[in-house]
Amino acid sequence: MNKRLLLFCLLFLSGAAFSQTFDNLYIEPGFNYGHLTPFDPSHASIGEAKQWNIDIRIGQQTYGLKRWQQELNYPSFGLQLDYEHNTLNDAKYIRRNEQGEAVTTYEPLGDCIGISGFLNGSFYKSRIWSLDYDIIYGMDIWTRCHNEFIGARCNFHVSFDLGPTFRLSDRFDLALRYVYIHSSDGAIRLPDYGVNSHNARLAVRYRLAEPKETIKKEYEPFAKTWNAFVSEGVGFLQTYTTQGDQIPGETPMFFGNTIRVGVTRQFSPKFIWDAGLDFLWTGETKMRYEMLGEPY
């Protein structure tokens, strides 16, 4: 018991010291409620399944110390932790029994725990409210997997939200959002339809200190620039092509590679366009042409 009390005190003091050093931090707990969204016509029935989600964000508000902060209308950024509960109870699982036979069962989809980074920005700001957006990208860990939607335990998480934020006081804000959430593993392990959902989010933001005044600094006129680039990307994916009596998750993994060559044009402090050529190769493509003769 004494050890737990000591740990709590250390965490409390660390948090207090952290808040004194970074006095533009805030904490934002939120609650999401919505429904699953079919990714494929064969899964139309999952639209009736509900989903709820609780999350907490720890963010840092910018005040214009750098040019990009002013150009993006003083965004904030930070870390999000969340827990997601899904009510779908009849996801399809295909497994092998002790005799090696493929057996199909229908069981709960499962829940997930996520950790992500987020960027919060504003399209419009006034003294009492703002129209905000959030871009969230990170990782989900699922309690169940190897079903028709989630093939791997660890998945990529991406979500977007949009809605108003109302200033209640110098320390408190109230946020309302429409949220789209997607979780999948990028074909690392099949099946990989992923889980998609649409939600409404209600959140309260608490600032650890009084907000600072924003800085409006004049910069030299922006100079447009051209740049050339070369990028290299490698990875692995599991083929959708089954052979013999293979079941989902038993098909082989293949190496993939992408080389990109192109140019970029930065025409404003906030926006860049680019054009390039992609050269892609995967062992799966070679296998499908040579062994199966299927069009890719």
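Data block above holds the structure.
Quantities reported herein were computed from a predicted structural model and do not represent experimental measurements.

(A) View of the overall build of the protein. In terms of helices and strands, the protein carries three helices and 13 strands. Seen through its C-alpha atoms, the protein measures out along the principal axes to roughly 65 × 60 × 40 Å. The burial tally for the protein puts 36% of its 296 residues in the buried class. As presented, the protein carries roughly 17800 Å² of accessible surface, and 64% of it is formed by carbon and sulfur atoms. Separation of charge centres in the protein, based on 29 positive and 34 negative side chains, amounts to 9 Å.

(B) Main features of the sheet that holds strand β2 (residues 50-61). Taken together, eight strands build a closed barrel; the order of strands is β1-β2-β3-β6-β7-β8-β9-β10 and the barrel is antiparallel. Neighbour-to-neighbour, the strand axes of this sheet turn through a mean angle of 25°, independent of strand direction. Of the strand pairs in this sheet, strand β9 (residues 172-184) and strand β10 (residues 195-207) are connected by twelve bridges, and their pairing is antiparallel. Note on β10: the bridge partner recorded for H182 is N196.

(C) Representation of the sheet that holds strand β11 (residues 225-238) within the structure. Within the open sheet, the three strands sit side by side as β11-β12-β13. Their pairing is antiparallel. Since the sheet does not close on itself, it has two edges, and those belong to β11 and β13 (272-282), each with one partner. Each neighbouring strand pair of the sheet contributes to a mean axis angle of 15°, computed without reference to strand direction. Summarising the sheet, strand β12 (residues 253-266) and β13 pair through eleven bridges and their orientation is antiparallel. If you follow G262 over to β13, its bridge partner there is G276.

(D) Broad picture of the side chain of T239. Note on placement: T239 falls in the loop between β11 and β12. For T239, a relative accessible area of 0% corresponds to the buried category. The residues contacting T239, other than those within four sequence positions of it, are L190, T251, P252, F254, E284 and M287.

(E) Quick peek at the pairing of strand β3 (residues 76-86). Note that β2 and β3 share eleven bridges and pair antiparallel. Paired with N53 across the bridge in β3 is E84. Examined bridge by bridge, β3 and strand β6 (residues 112-125) share nine bridges and lie antiparallel to one another. Its bridge partner lying in β6, S76 is registered against N120.

(F) A look at the pairing of strand β5 (residues 102-107). The sheet contact formed by strand β4 (residues 91-96) and β5 spans six bridges and is antiparallel. When the bridges of β5 are listed, R96 appears paired with A102. What sits between β4 and β5 in their antiparallel hairpin is a turn of five residues, with G100 showing a positive phi close to 85°.

(G) Fine view of empty space enclosed by the protein. The full count for this structure, using the stated rule, is two cavities of 30 Å³ or more. One number sums up the size of the largest cavity: a volume of about 80 Å³. Lining the largest cavity we find 13 residues, and of these N32, D55, Q80, V179 and I181 sit closest to its centre. Mapped onto the lining of the largest cavity, the elements with two or more residues apiece are β2, β3, β8 (154-167) and β9. Residue composition of the lining of the largest cavity, grouped by class: three nonpolar, five polar and five charged. Put simply, the second largest cavity is a space of about 30 Å³. Along its surface, the second largest cavity is lined by Q51, E84, C112, D140, W142, I181, S183, V195 and S197.

What counts and how
- Residues numbered from 1 in each chain as written.
- Predicted model: local features only at pLDDT ≥ 70, side-chain atom pairs only at ≥ 80, totals over all residues.
- Heavy atoms only, no water.
- Helix = DSSP H or I, 4+ residues; strand = E, 2+ residues; numbered from the N terminus.
- Buried < 20%, exposed > 50% of the residue type's maximum accessible area, 1.4 Å probe, protein only.
- Areas by Shrake-Rupley, 256 points an atom, 1.4 Å probe, with all protein chains shown as cover.
- Lys, Arg positive; Asp, Glu negative; His and termini not counted.
- Charge placed at Lys NZ, Arg CZ, Asp CG, Glu CD.
- Pairing = 2+ DSSP bridges.
- Axes fitted to C-alpha atoms, helices over the stretch in contact; angles between N-to-C directions.
- Contact = heavy atoms within 4.5 Å.
- 1 Å grid on protein atoms, 1.4 Å probe; cavity = no way out; pocket = protein on both sides within 12 Å on 5 of 7 lines; lining within 4 Å.
- Points joined across faces, edges and corners; volume = space filled by probe spheres on them.
- Nonpolar A, V, L, I, M, F, W, Y, C, P; charged D, E, K, R; others polar.

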